[in-house]
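Residue-level structure breakdown
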Amino acid sequence: MSFWDRIKPAPQAVTATDAQLSSDGVRLDLTWDDGVKTGATAQVLRQQCPCAACVDEWTNKRTLDPSKVPADLRIKQVQPVGNYALAFSFSDGHTTGIYPWKLLRDITQPAA
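Summary of the structure given here. What you see is a predicted model, and the numbers here were worked out from it, not measured in a lab. (Residues numbered from 1 in each chain as written. Predicted model: local features only at pLDDT ≥ 70, side-chain atom pairs only at ≥ 80, totals over all residues. Heavy atoms only, no water.)

**Quick notes on the nonpolar core**
Selection rule: Throughout, nonpolar core names a set of buried Ala, Val, Leu, Ile, Met, Phe, Trp, Tyr and Cys residues whose side chains join them through atoms within 4.5 Å. Only protein chains enter the accessibility calculation, which uses a 1.4 Å probe; a residue is then buried when its area is under 20% of its type maximum, exposed when over 50%, and partly exposed in between. Only DSSP runs of H or I covering at least 4 residues are called helices, and only runs of E covering at least 2 are called strands; the numbering of each starts at the N terminus.
Ranked by size, the top nonpolar core spans 22 residues in total, and within it Leu-45, Phe-88, Phe-90, Tyr-99 and Leu-104 carry the most contacts. Among the secondary structure elements, those contributing two or more residues to this core are β2 (27–32), α2 (42–47), β5 (85–90) and α3 (101–107).

In structure tokens:
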């Protein structure tokens, strides 16, 4: 087996092609480049925030207590981060999480 036979291309990551925020900011719905549609509530997104204030950088242990995130949380704003992620501004004032496409695909649920 040659060196080139052992090299395998990395699997192509999916990318969101559309993001729709509900008018009340409670839910985000995503359409992916493979045609799948998923969504999540603001509460779920906030509970899964990957920032250093919510996850210990050294241990990767979640420091945010998910039960402390209110059910009536809202997304105030959604911003793209380059071509690889989204950032949210939540009604509790939290703004530091960057959510890469892979994380969003993992934490959102298929649309009904």
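That covers the picture; the talk isn't over yet.
**Here we look at unusual backbone geometry**
Phi angles above zero are rare outside glycine, and Asn-60 is one such case at about 65 degrees. Exposure remark for Asn-60: the relative accessible area of 64% places this residue in the exposed category.

**Considering the sheet that holds strand β1 (residues 16–21)**
Applied cut-off: Strand pairing is defined by DSSP finding a minimum of two bridges between the two strands.
Pairing within the open sheet is antiparallel, and its four strands lie in the order β1-β2-β3-β7. Strands with a single pairing partner mark the edges of an open sheet, and in this sheet they are β1 and β7 (109–110). Of the strand pairs in this sheet, strand β3 (residues 37–41) and β7 are connected by two bridges, and their pairing is antiparallel. From the neighbouring strand, Gly-39 faces β7, where its bridge partner is Gln-109.

**What about the environment of His-94?**
Here is the rule we go by: Note on contacts: a residue pair is in contact if any heavy atoms of the two residues lie within 4.5 Å. Whenever two N or O atoms come within 3.5 Å, that pair is a polar contact, provided that in protein one can donate a hydrogen and the other can accept it, and provided that, for residues adjacent in sequence, both atoms are side-chain atoms.
Note that His-94 resides in the loop between β5 and β6 (98–100). Residues His-94 and Cys-49, 45 residues apart in the sequence, show an inter-C-alpha distance of 9.5 Å. With residues up to four places along the chain from it excluded, the contact list for His-94 reads Arg-46, Cys-49, Cys-51, Cys-54, Phe-88 and Ser-89. Polar side-chain contacts of His-94 include one of 3.5 Å to the side chain of Thr-96.

**Concerning the pattern of salt bridges**
Note the following rule: Salt bridges are defined as contacts in which a side-chain nitrogen from Lys or Arg sits within 4 Å of a carboxyl oxygen from Asp or Glu.
Tallied over the full model, the rule gives four salt bridges. Salt-bridge contacts for Arg-27 lead to Asp-29; the nearest nitrogen and oxygen are separated by 2.9 Å. Here Asp-29 falls in the partly exposed class, since its relative accessible area comes to 31%. Asp-34 serves as the salt-bridge partner of Arg-105, at 3.0 Å between the closest nitrogen and oxygen. Here Arg-105 is found in helix α3, whereas its partner Asp-34 is found in the loop between β2 and β3, with 71 residues between them in sequence. Judged by its relative accessible area of 23%, Arg-105 falls in the partly exposed class. Since its relative accessible area comes to 43%, Asp-34 is described here as partly exposed.

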